[in-house]
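The primary structure of each chain is shown beneath.
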Amino acid sequence: MFKRLGNWASQYRYIIIIGWVIIAVGLLATAPDMESVATSDQRDFMPSNAPFAHAQEVFEQTFPAEFSASSSIILIQSAEGETIDSPAIEAYIIDLVAWLRGDESPDIITDVGTPSDSELLEGILISPDRRILLVSIAFSTPTDSQETIQAIYRIDDWIEEHPPQGFAVYQTGEAGLNAQAEESTFTTIDRTIFLTFALVIVALLVIYRSPVSPLIPLFSVTIAFLVTQGVIGHLAQAGIITVVAQVNALLVVVMYGAGTDYCLFLISRFREEMADKHETSSAVKSTVHMVGETITSSAATIFVGFMAMIFAEIGMIRNAGPMLGLGIVFSLLAGLTLTPALLAILGDRAFFPFKASHRSHGKYYETTSKLVSNRPLLTIGVIVVIMLPFSIHGLNRPVNYDFVAELPEHLPSVKAYHLLGEHMGAGNLFMLTAIVTERETANLPTELTDITSKIMSVQGVNDVRSIAYPLGTTQADKLPIQIDQMLPMILTLDDSQLADGTPFAELRPLLEAYTANERTAYRLDIILDDPLGEQGRYAVEAIRDILTDYGDSGEAVLSGFSVITTDLSTIMSQDTGRVVVFVLGGIFVVLLIMLRSVVAPLYLIGTVLLSFTCTLGLTNLFFNTVFGVENLSWMLPFFTFVFLVGLGIDYSVFLFGRIKEEVGNHGIREGVHVAVAATGAIITSAAIILAGTFAGMMTGELMFLAQMGFAVSVGVIIDAFIVRTLLDPALAVIFGKWTWFPGGVPKAQSV
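The rules behind these values
- Residues numbered from 1 in each chain as written.
- Predicted model: local features only at pLDDT ≥ 70, side-chain atom pairs only at ≥ 80, totals over all residues.
- Heavy atoms only, no water.
- Helix = DSSP H or I, 4+ residues; strand = E, 2+ residues; numbered from the N terminus.
- Contact = heavy atoms within 4.5 Å.
- Areas by Shrake-Rupley, 256 points an atom, 1.4 Å probe, with all protein chains shown as cover.
- Lys, Arg positive; Asp, Glu negative; His and termini not counted.
- Charge placed at Lys NZ, Arg CZ, Asp CG, Glu CD.
- Core = buried A, V, L, I, M, F, W, Y, C linked by side-chain atoms within 4.5 Å.
- Buried < 20%, exposed > 50% of the residue type's maximum accessible area, 1.4 Å probe, protein only.
- Expected span 1.5 Å × (residues − 1).
- Phe/Tyr/Trp six-rings, centres within 6.5 Å; stacked < 30°, edge-to-face > 60°.
- Lys NZ or Arg CZ within 6 Å of the ring centre and 35° of its normal.
- Axes fitted to C-alpha atoms, helices over the stretch in contact; angles between N-to-C directions.
- Parallel < 35°, antiparallel > 145°, perpendicular 65-115°, else oblique.
- Nonpolar A, V, L, I, M, F, W, Y, C, P; charged D, E, K, R; others polar.
- Left-handed = near helix turned anticlockwise from the far one by under 90°.
- Salt bridge = Lys/Arg side-chain N within 4 Å of Asp/Glu carboxyl O.
- Arc of directions from axis to C-beta.
- Polar contact = N/O pair within 3.5 Å; in protein donor to acceptor, adjacent residues only side chain to side chain.
- Pairing = 2+ DSSP bridges.
- pLDDT = per-residue confidence, 0-100.

*Asks:* Can you walk me through the overall build of the protein chain in this structure?
*Replies:* Scanning the protein chain from terminus to terminus reveals 24 helices and 13 strands. Here the C-alpha coordinates of the protein chain stretch approximately 100 × 50 × 45 Å along the principal axes. Restricting the contact set of the protein chain to residue pairs at least 6 apart, pairs at least 24 apart contribute 80%. When the accessible surface of the protein chain is split by element, carbon and sulfur atoms take 59% of a total near 29,300 Å². Taken together, the 40 basic and 75 acidic charged side chains of the protein chain have centroids lying 22 Å from each other.

Here it is in structure tokens:
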């Protein structure tokens, strides 16, 4: 098959190149811009049947006027030593609110809340020290929609066009943070693409010392990347997949890393064949014949790993699988067709100004391969003893679900979040909302006192607001009347008694905000000390337990951002276990087919798991020591596992493909020695390129992508220089003929 493919690539080389270019240009011209179809909203990551989703439905149905699809906050901070009562700030707020409520503001704004709207809002939207004032904005569209993101940008533009004098103005909130997170993601992508190009060019120039050779993988992978982007854009536009902004950044490095590796192996083998045959067409055919199966098996292991992610419940992971899988498929197709076609045209000129020649194995790989062959047990023992402590550390560290901590500190929305936490408490931005329905109105005063007391006793709860305590239990004395004491009477007031002009008219907005369904349902706003941290998740679980006692006749649910991260944590644990089984199972099957062995796939998977856990420990230590990051991002262990297992096995496929070839000619021990010496340089060269492409993400703005860049880079280097070059060959020698059980030791084969 691969021999015919090589012959076809050589014979129809011009048609293949023109065809790829036409497809890439056509897709690029017709596909939507990736930024317009991408999302980074954590709610999009969750399954529709998650508990938080049901709670949001109950909230929207019970309190439709209070529920908003998304929201933003304008934070105004007075100068040091002053308060928000200055005439300049008052004039600014008047202009801002007039624009927000006017015809020129975004159409999706449904409500604007300011301290001047009511005495109640003044107590909620102004900090106790009167240095912070908030203006709340509700939108009719979801956080991740382009309408919301564009609305955030328009509000930012207004703030920029009306610079405050002597005070500071920021936009934050869920929608504000999300919009700037997406912007940071695409900034990271742009930087990564530039650095990837630069590194690949430099690395290939060093490897081949030719100005022509680097252009071959760059052209092939870039065309494949453009085709992949176009296909993904069309699929997203059709609603078939959801494009996750962070995964789009990973797609860049996966394709340029793995795709360049495929080209590197092809070019290296082509150079050997040209040195022996001196005839381009024959060299291309032999190259694809000898390397085609190996890089296809390699791509298959990564593809299986990525596609196993579709079994996850979390949308980000489920949608990331097909995105990355498509990238690998098009990288492989380009490697098997476009790269050979380019080599068929260039021939010896691919290595200009030199001629094709056999590459020297180098003393290092000759020495290490002999060490591995002669002292396999010592090699295995030393490596395991060094790596195991890092593995144990990596497996025993918790992860971080605080998405704000993932964002760069210089973003205005992040600065505002920290200011809010300092002056009012971060829980005011990410409040929890409890909804309890179908209760007896007469019992509400006693029930509210009881449930409020229980929730306030939960560690991590700062305050609770309700119809009884609209400013919270900690500020109940700031209202002119003690509503909690008058609640039995207030709950009996009818519409006529609450009409404008009556003594109780001011209570009507309060009753509408905190009670519903003829006052048989009520709402509690719960403020946490640390809404995005581990303490916040524990508080959510404790409050849910309390609410179960009040759901006997109706609903008793909890919603809010902390609820989302709590559900995310639970589902992530389930997804990890499920996907790990599918990834390892799928890769085992691919290796079983390629090596015709049950034993070798088992220890190859075992060593790559050792490499993964060791990398996790090293990454945690590095970011904790250098950047003071206590815990790694919640996404990191999962994606690092998928990448390092897939890419690590990738190098095992290259190595064992050559061992399989050499064992038949030289026997097991000598065959391993020859294979390691022959492939060591090319595997480590490929690893350096792949590690470099991922390392480019460390220059980005998002902490998750920086951590991912470091982890995969270090993991790939460990894998190539230690695991594939030393540990796996040593195991192959130790197991001897059992490495190839039950298929038997490979026989010598001719080209």
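*Asks:* What exactly am I supposed to notice about the nonpolar core here?
*Replies:* Considering soluble globular proteins, one finds that nonpolar side chains tend to be buried as a cluster. Core analysis: the largest hydrophobic core is formed by 222 residues, its most contacted members being Ile526, Phe639, Phe643 and Phe656. It is helix α10 (residues 245-277) that contributes the most residues to this core, 19 residues altogether. With sequence-adjacent residues up to four places away left out, Ile526 is seen in contact with Met431, Leu432, Ala434, Ile455, Val461, Asp463, Val464, Ile543 and Leu558. Ile74, Ile84, Leu133 and Val135 belong to the second largest nonpolar core, which has 28 residues in total.

*Asks:* So what exactly am I meant to see when it comes to helix α4 (residues 51-62) here?
*Replies:* Three or four residues apart is the spacing at which side chains of an α-helix point the same way, because the helix has 3.6 residues per turn. Here α4 spans 17 Å end to end across 12 residues, near enough to the 16 Å set by a 1.5 Å rise per residue. Listing the buried residues of α4 in full gives Phe52, Ala53, Ala55, Gln56, Val58, Phe59 and Thr62.

*Asks:* Help me understand the packing of aromatic side chains, please; the structure alone is not making it clear to me.
*Replies:* For any two aromatic rings, the description comes down to two numbers: the centre-to-centre distance and the angle of the planes. As enumerated under the stated definition, the model contains 28 aromatic pairs in all. Here the aromatic rings of Phe403 and Phe561 are separated by 5.0 Å at their centres, their planes lie at 45°, and the arrangement is tilted. With a gap of 158 residues between them, Phe403 in the loop between β7 (399-400) and α15 (412-423) and Phe561 in helix α20 (residues 561-595) connect regions that are remote in the sequence. The pair formed by Phe403 and Phe561 is uniform in burial state, with each residue classed as buried. Every member of this aromatic cluster is reached through a ring pair, and the members are Phe306, Phe638, Phe639, Phe643, Phe694 and Phe704. For Arg523, the ring lying beneath its charged end belongs to Tyr514, and the centroid distance is 5.1 Å.

*Asks:* It is not clear to me how the packing of helix α11 (residues 280-307) against helix α12 (residues 315-346) should be interpreted in this structure. Could you clarify?
*Replies:* Between two packed helices, what matters for the description is the angle formed by their axes and the separation of those axes. Two elements in contact, α11 and α12, have axes whose closest approach is 10 Å; the angle formed by their N-to-C orientations is 175°. Classified by the angle their axes make, α11 and α12 are roughly antiparallel. Counting all contacts with α11, which are made through Thr280, Val284, Val288, Gly292, Ile295, Thr296, Ala299, Ile302, Phe303, Phe306 and Met307, the residues of α12 involved are Gly321, Pro322, Leu324, Gly325, Ile328, Val329, Leu332, Leu336, Pro340, Leu343 and Ala344. Split into classes, the residues belonging to the contact of α11 with α12 amount to 17 nonpolar, five polar and no charged.

*Asks:* Would you explain unusual backbone geometry in this entry?
*Replies:* A negative phi angle characterises most non-glycine residues, just as the trans form characterises most peptide bonds. Cis peptide bonds are those with omega within 30 degrees of zero, and the linkage from Phe352 to Pro353 qualifies with 10°. For Pro353, the position within the fold is in the loop between α12 and α13 (363-374). For the bond running from Phe741 to Pro742, omega is 5°, close enough to zero to count as cis. Positive phi, close to 55°, is recorded for Glu518, a residue that is not glycine. Topologically, Glu518 is positioned in the loop between β10 (515-516) and β11 (521-528). For Glu518, a relative accessible area of 78% translates into the label exposed. Positive phi, normally seen in glycine, also occurs at Arg596, with a value near 55°. One can find Arg596 in the loop between α20 and α21 (599-627). A residue is classified by how much of its surface remains accessible, and Arg596, at 49% relative accessible area, is partly exposed.

*Asks:* When you look at the packing of α10 against helix α24 (residues 703-735) in this model, what are you seeing that I'm missing?
*Replies:* α24 packs onto α10 with a crossing angle of 30° between their chain directions and a minimal axis gap of 11 Å. Considered as vectors, α10 and α24 are oriented roughly parallel to each other. Where α10 crosses over α24, the two elements pack in a sense that is right-handed. Here α10 contributes Gln246, Ala249 and Leu250 to the contact with α24, which in turn contributes Phe704, Leu705 and Met708. In the contact of α10 with α24, the residues fall into five nonpolar, one polar and no charged.

*Asks:* Mind showing me how you'd approach the pattern of salt bridges here?
*Replies:* Opposite charge on two side chains lets them pair, provided their charged atoms get close. All chains considered together, the criterion is met by 17 salt bridges. The salt bridge involving Arg191 is made with Glu701; its shortest N-O contact spans 3.8 Å. A residue pair is termed long-range when its members are at least 10 positions apart, and Arg191 in helix α8 (residues 173-208) and Glu701 in the loop between α23 (668-695) and α24 qualify at 510 residues. Within this structure, Glu66, Arg523 and Asp525 form a network of salt bridges that share partners.

*Asks:* Would you mind going over helix α16 (residues 444-456) with me for this structure?
*Replies:* In this model, α16 (13 residues) spans 18 Å end to end at C-alpha, consistent with the 18 Å of a helix rising 1.5 Å per residue. The set of residues buried in α16 consists of Leu444, Pro445, Glu447, Leu448, Ile451, Thr452 and Ile455. Buried residues of α16, seen end-on, are gathered within an arc of 160° and therefore sit on one face of the element. The inward-facing, buried residues of α16 contact β8 (432-436), β9 (461-465), α17 (483-490), β11 and α19 (534-547).

*Asks:* Would you mind going over the side chain of Glu701 with me for this structure?
*Replies:* A distance of 2.9 Å separates polar atoms of two side chains, one belonging to Glu701 and the other to Ser184. Discounting chain neighbours no more than four positions away, the residues touching Glu701 are Ser184, Thr187, Thr188, Arg191, Glu406, Leu407, Pro408 and His410.

*Asks:* Before we go on, may I ask you to explain the sheet that holds strand β4 (residues 132-139) in this structure?
*Replies:* Judged by pairing direction, the sheet is antiparallel, and its four strands sit side by side in the order β3-β4-β2-β5 without closing on themselves. The open sheet has two free edges, formed respectively by β3 (109-113) and β5 (168-172), since each of these has just one partner strand. With direction set aside, neighbouring strand axes in the sheet form an average angle of 20°. Contacts from α8 reach β2 (70-77), β4 and β5, with the element oriented near 90° to β2. Along the sheet, α15 contacts β2, β4 and β5; its crossing angle with β5, the most-contacted strand, is approximately 100°.

*Asks:* Got a minute to help me understand the confidence of the model for the protein chain in this structure?
*Replies:* With 97% of its residues at a pLDDT of 70 or more, the protein chain has an overall mean of 88. Within the protein chain, β8 carries the highest mean pLDDT (97), whereas strand β1 (residues 38-39) carries the lowest (67).

*Asks:* Please clarify how the environment of Lys355 should be interpreted in this entry.
*Replies:* Relative to the assigned elements, Lys355 resides in the loop between α12 and α13. In sequence terms Lys355 and Ile722 are 367 residues apart; their C-alpha atoms lie 32 Å from each other.

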